[in-house]
Amino acid sequence: MYYLGNIKPNIVIFVSDDLGRYDIGYHGSRHLMTPNIDSLAADAVVLDRYYTQPLCSPSRGALLTGIHPIHSGTQHFVLMSGSPWGLPLKYKLLPQYLKDMGYNTQAIGKWHLGFFSKDYLPTSRGFDDHTGNWGGFEDYYNHWMKERGFQGLDFRHNLDVIRDSDGIYSTDYFTDKAIELISDNNNTRPLFLYMAYQAMHSANSPFELQAPNELVKKFSFIKDEKRRLFAATLYSMDQSIGRIVEQLYYKNILNNTIILFVSDNGGAISGFMENYGSNYPLRGTKGTLWEGGVRVPAFIWSPLLKNSGYISDSYIQVFDWLPTILEAIDPKVYDQNRHKFDGISQWKTLNTKKCQNKNQLLLNIDPIWNMSSIIINQWKLIQGSVPKDMSPESDLWSQSFDEDNDFKVDLQRNQSVVYKVLQQMNHPCELNNVAKSFPQIVTQLWQSIQQYNRTAVPPLNKPIDSNANPIYHNNTWDVWYGD
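To start, this report covers the structure provided alongside it. (Residues numbered from 1 in each chain as written. Predicted model: local features only at pLDDT ≥ 70, side-chain atom pairs only at ≥ 80, totals over all residues. Heavy atoms only, no water.)

A word on the overall build of the protein chain
Counted only if it meets this: Only runs of H or I of at least four residues qualify as helices and only runs of E of at least two qualify as strands under DSSP, and these elements are numbered from the N terminus. Atoms considered for the radius of gyration are the C-alpha atoms alone. The globule rule reads 2.2 Å times the number of residues to the power 0.38. Only protein chains enter the accessibility calculation, which uses a 1.4 Å probe. A residue is then buried if its area is under 20% of the maximum for its type, exposed if over 50%, and partly exposed in between. Only the protein chains shown count as cover for residues, and all accessible areas are computed by the Shrake-Rupley method using a 1.4 Å probe. Under the counting rule used here, the positive set is Lys and Arg, the negative set is Asp and Glu, and His together with the chain ends is not counted. Here the site of a charge means NZ on Lys, CZ on Arg, CG on Asp, or CD on Glu.
The helix and strand tally for the protein chain stands at 12 helices and 18 strands. A compact globule built from 483 residues would reach a C-alpha radius of gyration of about 23 Å, and the protein chain, at 21 Å, matches this within 12%. Each principal axis of the C-alpha distribution contributes one length, and for the protein chain these read about 60 × 50 × 50 Å. Considering the protein chain as a whole, with its 483 residues, one finds that 64% of them fall into the buried category. On the protein chain, roughly 18400 Å² of surface is accessible, and the fraction owed to carbon and sulfur atoms is 47%. Mean positive and mean negative side-chain charge positions of the protein chain (44 and 49 charges, respectively) differ by 7 Å.

A few points about the sheet that holds strand β5 (residues 129–132)
Keep this limit in mind: In this description, strands pair whenever DSSP reports at least two bridges between them. What makes two residues a contact is simply this: any of their non-hydrogen atoms within 4.5 Å. Between N-to-C directions, angles cover 0 to 180 degrees, with each direction set by a line fitted to C-alpha atoms, over the stretch in contact for helices.
Ordered in space as β9-β8-β5-β4-β10-β1-β11-β12-β2-β13, the 10 strands form an open sheet in which the pairing is mixed. Two strands close off the open sheet at either side, each with one partner strand: β9 (160–161) and β13 (310–312). Note: β5 against strand β8 (residues 156–157), 2 bridges, orientation antiparallel. Note on β8: the bridge partner recorded for Thr131 is His157. Each of β2 (45–47), β11 (257–263) and β12 (298–301) touches helix α1 (residues 35–42); the most contacted strand, β12, lies at about 65° to it. Across the sheet, helix α9 (residues 321–329) touches β1 (10–16), β2, β11 and β12, and the angle it forms with β11 is around 170°.

Side note on the packing of aromatic side chains
Just so we agree on the cut-off: Each Phe, Tyr or Trp ring (for Trp, its six-membered ring) is paired with any other whose centre lies within 6.5 Å, and the angle between the two planes then decides the class: stacked below 30 degrees, edge-to-face above 60, tilted in between.
For the structure on display, the rule yields 28 aromatic pairs. An angle of 80° between the planes, with centres 5.2 Å apart, marks the rings of Phe116 and Tyr481 as edge-to-face. Here the residue Phe116 occupies a position in the loop between β4 (104–109) and β5, and Tyr481 occupies one in the segment after α12 (439–453), the gap between them amounting to 365 residues. Note on Phe116: relative accessible area 9%, which makes it buried. What links up through ring pairs into an aromatic cluster is the set Phe115, Phe116, Tyr120, Trp134, Trp480 and Tyr481.

Some details on the layout of surface pockets
To be explicit about the condition: Method remark: on a 1 Å grid restricted to protein atoms, a set of points is classed as a cavity if a 1.4 Å probe fits but cannot get out and as a pocket if it is open with protein on both sides within 12 Å along at least five of seven lines; lining residues have an atom within 4 Å of a point. Grid points are joined across faces, edges and corners, and a volume is the space filled by probe spheres set on the points.
Its volume calculated, the second largest pocket comes out at about 280 Å³. Along the walls of the second largest pocket sit 18 residues, with Met80, Phe137, Phe207, Phe272 and Met273 positioned nearest its centre.

Observations concerning empty space enclosed by the protein
To be explicit about the condition: Under the convention adopted here, Pro, Cys and the residues Ala, Val, Leu, Ile, Met, Phe, Trp and Tyr are nonpolar, Asp, Glu, Lys and Arg are charged, and Gly plus all remaining residues are polar.
Throughout the structure, instances matching the rule amount to 4 cavities of 30 Å³ or more. Taken as a whole, the largest cavity spans an internal volume of roughly 60 Å³. Taken together, Gln53, Pro54, Leu55, Pro58, Gln75, Phe77, Gly287, Asn364, Asp366, Trp369 and Met371 form the lining of the largest cavity. Looking at the lining of the largest cavity residue by residue, the class counts come to 6 nonpolar, 4 polar and 1 charged.

Some thoughts on the environment of Gln75
Test applied: Throughout this description, a polar contact denotes any pair of N or O atoms lying within 3.5 Å of each other; where both atoms belong to protein, one of them has to be capable of donating a hydrogen while the other can accept it, and for residues adjacent in sequence the pair is counted only when both atoms sit in side chains.
Position of Gln75 among the secondary structure elements: in the loop between α3 (69–72) and α4 (94–100). Of the residues examined, Gln75 reaches a relative accessible area of 3% and is grouped as buried. Apart from residues lying up to four places away in sequence, Gln75 is in contact with Pro69, Ile70, Asn364, Ile365, Asp366, Pro367, Val457, Pro458 and Pro459. Within polar-contact distance, the side chain of Gln75 engages the backbone oxygen of Val457 at 2.8 Å.

Considerations on unusual backbone geometry
Cis peptide bonds are those with omega within 30 degrees of zero, and the linkage from Ser205 to Pro206 qualifies with 15°. Following the sequence through the fold, Pro206 ends up in the loop between β10 (191–196) and α6 (213–218). Along the chain, Tyr280 connects to Pro281 via a cis peptide bond; the corresponding omega equals 0°. Position of Pro281 among the secondary structure elements: in the loop between β11 and α8 (291–294). One non-glycine residue, His112, adopts positive backbone phi at about 65°. Structurally, His112 can be placed in the loop between β4 and β5. A residue is classified by how much of its surface remains accessible, and His112, at 5% relative accessible area, is buried.

Structure (structure tokens):
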């Protein structure tokens, strides 16, 4: 056992929404301020080759199930709030495992894994409590979500609608709730806090970020107005993380806590839900299988790690977290359940500084958008691309927003839809397609994708149901099946 005494370690997962690789201080950004995140990262294991899913729902479902989205039916797009489906109930989620082990399981913030039926709500999937939004995005202040012609309030404490929060910035509301939960938690019972921020996701149409004016003024030196707003939104989230970690310290439980920090997917640099993030110097945006869409900031911090304060080059995927956490808490529980997961535990790897032997990563197979990607050893194959009406510049590179820091590439040469692109992983910016030079490698990787595809289940996405319209539910987004 790795934890202190007889008390299992507290688990805190900070999930940022649409945070790009260059949207963080410890990755070299000179105009953003993330002092609390950077401080944690300095004494953490920073995961340089951490891969997530390209969009919100698939990423969150993979994190909480340990299952690859091609096997859970969540591999295409996201879960629309008016669509009657959710993360399949046959999967036991991380909070359910932890609840069985005696944890106080708390969720704050974004859910985005289904709410058409009560069975799919956070409190039906292992969380003792949830405060936040059931859908994918909303206004940061009035907490209304506008999606596909529907609009209504989406702010809950469990089943109860929160109606006294109008004008309160969501990051502040979530932070105060987290501090209250930590303060009230009985130290004899371990805590699991799933802190899924609304930041850095854009709000309602016209899909811009929102931040307190006093924070925006701090970044008056940033010339780009929308990037300035991004910086303020990010700074607010960073301050939130600092306050929560400080409360763990005051509660005298920080020394027995494991903290994960991850982004659910890459920054939305163009098109779909654009937030003026930056994946610099990587190529691609949220929704794509280029590095910029799936290779994101992540680290694990804990005094319980035997080694920390280093950068890991091991390949780690989002669905590795559940088995990793189980092994960190109780190796026996992990061994009893490891056959249920697509992910593998990285706990021993993270403790030894050794590179994981994992050398094959299926990023995704989306049969509806006809796009897929795999990494094997030093090779990456990408087939297809997101529809151009979703993101017309999805295949391009991010700007850094730092003056005199952007490398220059010929943007015009990549305007056409990509069919098969072969990349070498020692060139992470994905500048050159070497498929014609290595046809045998292309064939090998393509055959591996086809082999994975034979194990895939069809996407579960369903059309929007008019019965979900908030006008039928007192102008709130609500359960509408079996109620």
